[in-house]
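Below, each chain spelled out in residue letters.
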Amino acid sequence: MNDRNQKLRIGMFVIGGVLLLLIMLFFFGMSDFFTHKVAVRTYFSESVQGLTVGSGVKYRGVPIGTVSKIAIRVSDKLVEVNMEIQLDHFVNVEGGRSRQLTEFDRFFRSELEQGMRCRLEYAGITGMRYIDFDYFATPGQELPEPPAGTGPEVLYIPAVPSSFRDILKALNTSLDRISRIRFEEISDGLERSLSELSGLLSDPALKSTIARINDAAENLETSSRTISRVLNEEQINRIVSLLETDLKSVNELTTQLIRETRDSKIPESTASIRSAADSFVNSQDELSNTLLKLNQTLDSLRELTDYLNQDPSSLVSGKKKPKVLE
Amino acid sequence: MAENRAKTSRRFQLPDSVTEPVVFIGRVASALPLLRQKRQLRLKETLYYLDLCGAQSLPLVLLICFLMGGVLAINGQIQLSKFGSEIFIVDMVGFSVLKEFGPLMVALIATGQAGSAFASEIGTMKVDEEISALETLGIRPAAYLVLPKLIAMLIALPLLTVFGDFAGLTGGLAVGITVAGLPLAAYVERTLDILDSTTFLLGVLKSFVFAVLITLAGCYCGFRSSGDAQGVGRAATAAVVISILFVVVATALLTVLYSFIGY
């Protein structure tokens with residue numbers, strides 16, 4: 001009996017252990033062998049820090065698969081990420097494996113045309129990342145060509161830069177712009193300006209000017225007080241009414257002046273004056289010629305007078321002939 | 001010539017404390033081919049040790065591993081709740097139990113349960129000169145006494161580890177859903193999501209190594225015991241201490257080895 005109990009105990013222990021081993025193996029991954037998967041590939045030009053083999057792949061937040069392989073392409077330095085999508089996560093994709101694959105392929109290709117792309121997202125505060133499939137592009141946007149070497153055996157999903165990369169880029173741009181500001185020159189200029197301002201403030205002329213402005217302000221205030229004391233409201237009103245009357249008179253006078261000016265035919269008079277001025281300019285030229293000729297006449301007359309003074313007899317005998325050497 | 005060789009051998013002779021364990025391992029290894037003969041298997045003794053080391057240890061393993069999983073989960077809850085990330089208790093408990101604590105705790109229990117028993121049993125046989133009698137009858141004690149224990153341990157310890165892993169995960173689950181307030185479905189889903197069969201099997205693989213170490217240490221200490229009652233007691237104590245030391249060192253080495261292959 002004791003021997004039988006021992007055998008029973010051992011049998012239960014062994015059978016229980018083996019069963020538990022098989023159950024745990026099944027739930028810890030062996031079940032994967034019975035699920036249909038499809039290979040999907042993407043390429044990232046940015047860092048995939050936080051993404052590892054086994055990281056999740058989600059479609060609009062729904063876990064649909066895992067990352068199966070991460071590699072670097074030496075030809076173009078792109079990070080190649082291969083994923084395995086489990087078809088069990090898609091409802092209405094039923095039937096045999098080939099039919100499931102066809103349905104899945106049709107669905108994903110149509111969604112790519114609708115703007116579906118993949119992007120790296122943070123899974124939490126731990127720095128781990130996952131790949132999210134969502135509609136990051138506008139519907140109908142042209143699909144980028146897959147990098148060279150992407151065979152038809154896998155479905156290519158174009159990637160878009162992660163939001164973190166966008167933030168980093170904006171930050172880098174801002175920092176670059178800030179670095180271009182010449183703080184030293186600004187500082188020097190500011191220091192120089194402050195020094196000059198300090199010198200200006202300590203200038204005695206400025207103090208004197210300020211004192212004069214103060215005096216002027218006091219005088220102005222005194223004058224204002226005097227005016228206020230001399231003129232009351234009634235007087236001001238009377239002055240204003242007189243001003244109004246004067247302004248009306250000036251207005252009437254101006255109107256009358258304009259009318260008389262119009263009647264006086266100023267344009268015609270101006271033309272006559274301009275014509276007279278032209279004639280005067282012409283007469284001036286003629287007068288100049290006359291004066292020139294008169295001047296020449298006076299010169300000849302002076303020469304005649306001088307000759308007669310030297311030889312008065314020539315007036316009777318005439319001009320002597322010059323002696324000729326023989 | 002012969003005199004010179006004798007001098008040389010004396011000059012380079014290693015101490016017995018170094019050579020004897022190696023010789024003992026050699027004896028056990030040389031006895032392994034005997035397992036091909038059904039008569040040498042000694043099924044009755046093997047089942048006895050399987051019962052002693054496996055079935056009778058099971059309640060203790062389940063209790064200790066369940067509590068260990070719970071303790072891990074409580075500590076995880078205390079720390080992780082500061083960051084609002086209690087769900088990571090699942091990761092902490094799952095990986096700790098499957099990779100390290102499950103096999104380690106089972107090995108320590110087996111050390112106390114089986115290692116000391118092996119040393120005491122063989123030590124008592126040595127006191128009663130039964131081992132000398134076996135040798136006189138032409139029976140190799142290493143094969144006759146060690147192999148059934150080794151086979152039993154190689155079957156029992158991995159199975160106990162599977163039970164221990166399950167109990168540890170259940171302990172973590174119990175604390176996770178009661179103390180940390182995690183939904184049962186979320187805890188189970190997360191557990192199945194993060195743990196894979198490789199992690200589980202690598203943990204179980206450790207238990208094979210522990211089984212060999214505990215059996216060899218227990219049996220060796222039994223064979224090395226001095227011929228009195230106190231010697232048997234000392235042998236049992238030494239078996240436990242050496243086994244624990246070997247198990248912990250092996251855990252460290254295997255963990256480093258696993259890290260090289262990415263686990």
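If you're wondering where the values come from, they're calculated on a predicted model, not measured in any experiment.

Undergrad: Looking at this model, I keep getting lost on the overall build of chain A. Mind explaining?
TA: Within chain A one finds eight helices and seven strands. Residues classed as buried in chain A amount to 9% of the 326 residues present. For chain A, restricting intrachain contacts to residue pairs at least 6 apart in sequence, the fraction spanning at least 24 positions comes to 55%.

Undergrad: Looking at this model, I keep getting lost on the nonpolar core. Mind explaining?
TA: General note: in soluble globular proteins, nonpolar side chains tend to be found buried as a group. One finds Ile 214 and Ala 239 of chain B to be the most contacted residues of the largest nonpolar core, which totals 82 residues. Of all the elements, helix H7 (residues 141-178) of chain B adds the most residues to this core, at 21 residues. The residues touching Ile 214 of chain B, leaving out its near neighbours within four places in the chain, are Ala 107, Ala 110, Thr 111, Ala 114, Gly 115, Met 153, Ser 243 and Val 247 of chain B. Counting residues in hydrophobic clusters, the runner-up holds 17 residues, among them Val 40, Val 57, Ile 64 and Ile 157 of chain A.

Undergrad: What exactly am I supposed to notice about the UniProt feature "transmembrane region" (unreviewed entry) in chain B here?
TA: Residue and element names in this part refer to chain B. The UniProt record annotates "transmembrane region" (unreviewed entry) at residues 47-74, 142-160, 167-188, 200-223 and 235-261. Taken as a whole, residues 47-74 contains 93% helix and 0% strand, while its terminal C-alpha atoms sit 39 Å from one another. Annotation note: span residues 200-223, helix share 100%, strand share 0%, distance between end C-alpha atoms 35 Å.

Undergrad: Quick question: what am I supposed to make of helix H7 (residues 266-310) of chain A here?
TA: Helix length check: H7 of chain A, at 45 residues, gives a terminal C-alpha distance of 65 Å against a target of 66 Å (1.5 Å per residue), a fit within 8%. Counting buried positions along H7 of chain A gives zero out of 45 residues, so the element sits mostly on the surface.

Undergrad: Explain the sheet that holds strand S1 (residues 37-44) of chain A to me, please; I cannot follow it from the model alone.
TA: The strands that make up a sheet pair up through hydrogen bonds in the backbone, lying either parallel or antiparallel. Residue and element names in this part refer to chain A. Pairing is mixed in the open sheet, where seven strands are placed in the order S5-S6-S2-S3-S4-S1-S7. Among the strands making up the open sheet, the edge pair consists of strand S5 (116-122) and strand S7 (155-156). Bridge count for strand S3 (residues 62-72) against strand S4 (residues 79-86) is seven bridges, and the pairing is antiparallel. Considered in S4, the bridge of Lys 69 is made with Asn 82.

Undergrad: Can you help me understand the interface of chain B and chain A in this one?
TA: How big an interface is tends to be expressed through the accessible area that disappears when the partners come together. With 18 residues of chain B at the contact, the number on the chain A side is 16 residues. Contributions of two or more residues to the side of chain B that touches chain A are made by helix H3 (43-55), H7 and helix H9 (197-224) of chain B.

Undergrad: Would you take a moment to explain the pairing of strand S2 (residues 56-59) of chain A for this structure?
TA: Residues and elements named next belong to chain A. In this structure, S2 lies alongside S3, joined through four bridges in antiparallel fashion. In the sheet register, Val 57 faces S3, and the bridge partner there is Gly 65. The hairpin turn running from S2 into S3, its antiparallel successor, is two residues long, and Arg 60 in that turn takes a positive phi close to 50 degrees. One ladder, built from three bridges, connects S2 with strand S6 (residues 129-135); its direction is parallel. Of the residues in S6, the one forming a bridge with Lys 58 is Asp 132.

Parameters at a glance
- Residues numbered from 1 in each chain as written.
- Chains lettered and ligands numbered in written order.
- Predicted model: local features only at pLDDT ≥ 70, side-chain atom pairs only at ≥ 80, totals over all residues.
- Helix = DSSP H or I, 4+ residues; strand = E, 2+ residues; numbered from the N terminus.
- Buried ≥ 20, exposed ≤ 12 C-beta atoms within 10 Å, placed from the backbone.
- Contact = placed C-beta atoms within 7 Å.
- Core = buried A, V, L, I, M, F, W, Y, C linked by C-beta atoms within 7 Å.
- UniProt positions renumbered as here; feature names shortened; annotations may be inferred.
- Expected span 1.5 Å × (residues − 1).
- Pairing = 2+ DSSP bridges.

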